[in-house]
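# Tertiary structure, described
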Amino acid sequence: MKKLHIVVSPRGERSRSKKLWEYILSKMDWEKETLELNNENIWFLTSSLIAYNYWYAKFEDLTTEEKRIAKLQDKFVKQILSADEIIISSPIWNFSVPAILKAYFDLILKINETVTMKDWALIWLATNVKKAYIVLTKWGYYEWQAWKSIDMIEPLIRQDLAFIWITNLEVINWEWIDRVSDEENLKKFDELKMQIDSKL
Ligand SMILES: Cc1cc2nc3c(=O)[nH]c(=O)nc-3n(C[C@H](O)[C@H](O)[C@H](O)COP(=O)(O)O)c2cc1C
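Presented here is an overview of the structure given in this document. Residue numbers run consecutively from 1 along every chain, following the written order of its sequence. Given that this is a predicted model, residues contribute local features only at a pLDDT of at least 70 and side-chain atom pairs are listed and counted only at 80 or more, while totals for whole chains, interfaces and linings are drawn from all residues. Heavy atoms from the whole structure form the basis of all side-chain values; hydrogens and water molecules are not counted.

## Considering helix α7 (residues 182–199)
Inclusion rule: Helix and strand definitions here come from DSSP, where helices need a minimum of 4 consecutive H or I residues and strands a minimum of 2 consecutive E residues; each element is numbered from the N-terminal end. The length a helix should cover is 1.5 Å for every residue beyond the first. Exposure classes here rest on a 1.4 Å probe applied to the protein chains alone. A residue is buried below 20% of its type maximum, exposed above 50%, and partly exposed in between. Working note: the arc is built from the helix axis to C-beta atom directions. Should any heavy atoms of two residues lie within 4.5 Å, those residues are considered in contact.
Taking 1.5 Å per residue as the helical rise, α7 with its 18 residues ought to reach 26 Å, and the 26 Å between its terminal C-alpha atoms agrees with that figure. Of all the residues in α7, the buried ones are N185, F189, L192 and I196. Seen along its axis, α7 keeps its buried residues to an arc of 65 degrees; they face one direction. In α7, those exposed residues whose orientation departs by more than 90 degrees from the buried face are E183, K187, M194 and S198. Looking at the buried side of α7, the elements it contacts are α1 (16–26) and β7 (169–174).

## Things to note about the packing of aromatic side chains
Under the convention used in this document: The criterion for an aromatic pair is that two Phe, Tyr or Trp rings (for Trp, the six-membered ring) have centres within 6.5 Å, with stacked assigned to planes under 30 degrees apart, edge-to-face to planes over 60 apart and tilted to the rest.
This structure, assessed with the given rule, holds seven aromatic pairs. Here F76 and Y104 contribute two aromatic rings whose centre-to-centre distance is 5.2 Å and whose plane-to-plane angle is 65 degrees, an arrangement assigned as edge-to-face. Highlighted residues: F76 in helix α3 (residues 64–81) and Y104 in helix α4 (residues 99–108), separated in sequence by 28 residues. The residues F76 and Y104 share a single accessibility class, namely buried. Taking 5.4 Å as the distance between ring centres and 10 degrees as the angle between the ring planes, the aromatic pair formed by W174 and F189 counts as stacked.

## Some details on the sheet that holds strand β3 (residues 85–91)
For the record, the criterion: In this description, strands pair whenever DSSP reports at least two bridges between them. Helix axes are fitted to C-alpha atoms over the stretch in contact, other axes to C-alpha atoms as well, and angles between N-to-C directions run from 0 to 180 degrees.
With parallel pairing, the five strands of this open sheet are ordered in space as β2-β1-β3-β6-β7. Of all the strands in the sheet, the pair left with one neighbour each is β2 (31–36) and β7. Each neighbouring strand pair of the sheet contributes to a mean axis angle of 15 degrees, computed without reference to strand direction. Summarising the sheet, strand β1 (residues 2–7) and β3 pair through five bridges and their orientation is parallel. Residue L4 lies in a different strand from β3, and its bridge partner there is I86. Docked against the sheet, helix α6 (residues 153–162) engages β3, β6 (131–137) and β7, running at close to 160 degrees with respect to β6.

## Considerations on a nonpolar patch on the surface
The condition is simple: By definition, no residue in a patch forms a salt bridge, and every one has over 30% relative accessible area; like charges are joined within 9 Å, nonpolar side chains (Val, Leu, Ile, Met, Phe, Trp, Tyr) within 5 Å. Note on areas: Shrake-Rupley with a 1.4 Å probe; residue coverage comes only from the protein chains shown. Salt bridges are defined by distance alone: a side-chain nitrogen of Lys or Arg within 4 Å of a carboxyl oxygen of Asp or Glu.
Nonpolar side chains collect at one region of the surface, where M117, W120, L122, W124, F163 and W165 lie side by side and expose about 650 Å² of accessible area between them. Structurally, W165 is set in the loop between α6 and β7. W165 sits in the partly exposed class, given a relative accessible area of 38%.

## Quick look at the layout of surface pockets
What counts is decided by this rule: A cavity, in this analysis, means grid points on a 1 Å lattice covering only the protein atoms where a 1.4 Å probe fits yet has no way out; a pocket is instead an open set bounded by protein on both sides within 12 Å along at least five of seven lines, and a residue lines either one if it has an atom within 4 Å of a point. Grid points are joined across faces, edges and corners, and a volume is the space filled by probe spheres set on the points. Any residue outside Ala, Val, Leu, Ile, Met, Phe, Trp, Tyr, Cys, Pro, Asp, Glu, Lys and Arg is labelled polar, Gly included; the first ten of those are nonpolar and the last four are charged.
Estimates place the volume of the largest pocket at around 250 Å³. Taken together, Y141, E143, N173, W174, E175, W176, V180, E184, N185, K187, K188 and E191 make up the full set of residues lining the largest pocket. Of all the secondary structure elements, the ones that give two or more residues to the lining of the largest pocket are β7 and α7. Sort the elements by how many residues they give to the lining of the largest pocket and α7 lands first, with five residues. Each residue belonging to the lining of the largest pocket can be placed in one class, and the counts come to four nonpolar, two polar and six charged. Taken as a whole, the second largest pocket encloses approximately 180 Å³ of empty space. Together, 14 residues line the second largest pocket, and R11, R16, P91, T137 and D178 are the ones closest to its centre. Partitioned by chemical class, the residues of the lining of the second largest pocket number six nonpolar, four polar and four charged.

In structure tokens:
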């Protein structure tokens, strides 16, 4: 069994989302692979890359940088198609996903590789991923009903993953992380660990 862990925060050792995924990973004795998005020099899709993805441009038509991104895309697609479970750990940024995670989704949601169409019906190809743990850290407290609708990170992740048929999600929210004392954060961390223990 293989687990792919996708790290979104660029903050390395300072990252709080990292603490939670490290705890989840420590519970698993499977083969583990970590993908730190910030170490991959990810680009946004260009006109030529889109053309290449839809077969009206050839690999040779791409610039050197675009060829690098096309190869990176290939690596990401292979990684996701060989994982049994994934963990995405991410902070919320400006009410949504950090742009690097969206750029990653724009690369892995690839026609004919992770999703395809037959007679105008969608066929999803990432059925190998049986479970996704989504670890989200937030300054705000969106559980309050009035704020829930402006928290767009979870719906966006759910929809993009559902598009390639990763639908079995366990979402773990660590909210109000910058608002409370270290002591309260430690208490919250312990609660979340218990929540994780009961789900794994
Ligand atoms: C650029 C930026 C934008 C942020 N936007 C939000 C936001 O919209 N809502 C929120 O609750 N927290 C926001 N935060 C706070 C982070 O979500 C919080 O500090 C984060 O969970 C830390 O995660 P990390 O330690 O794993 O990097 C933002 C932080 C940064 C750096």
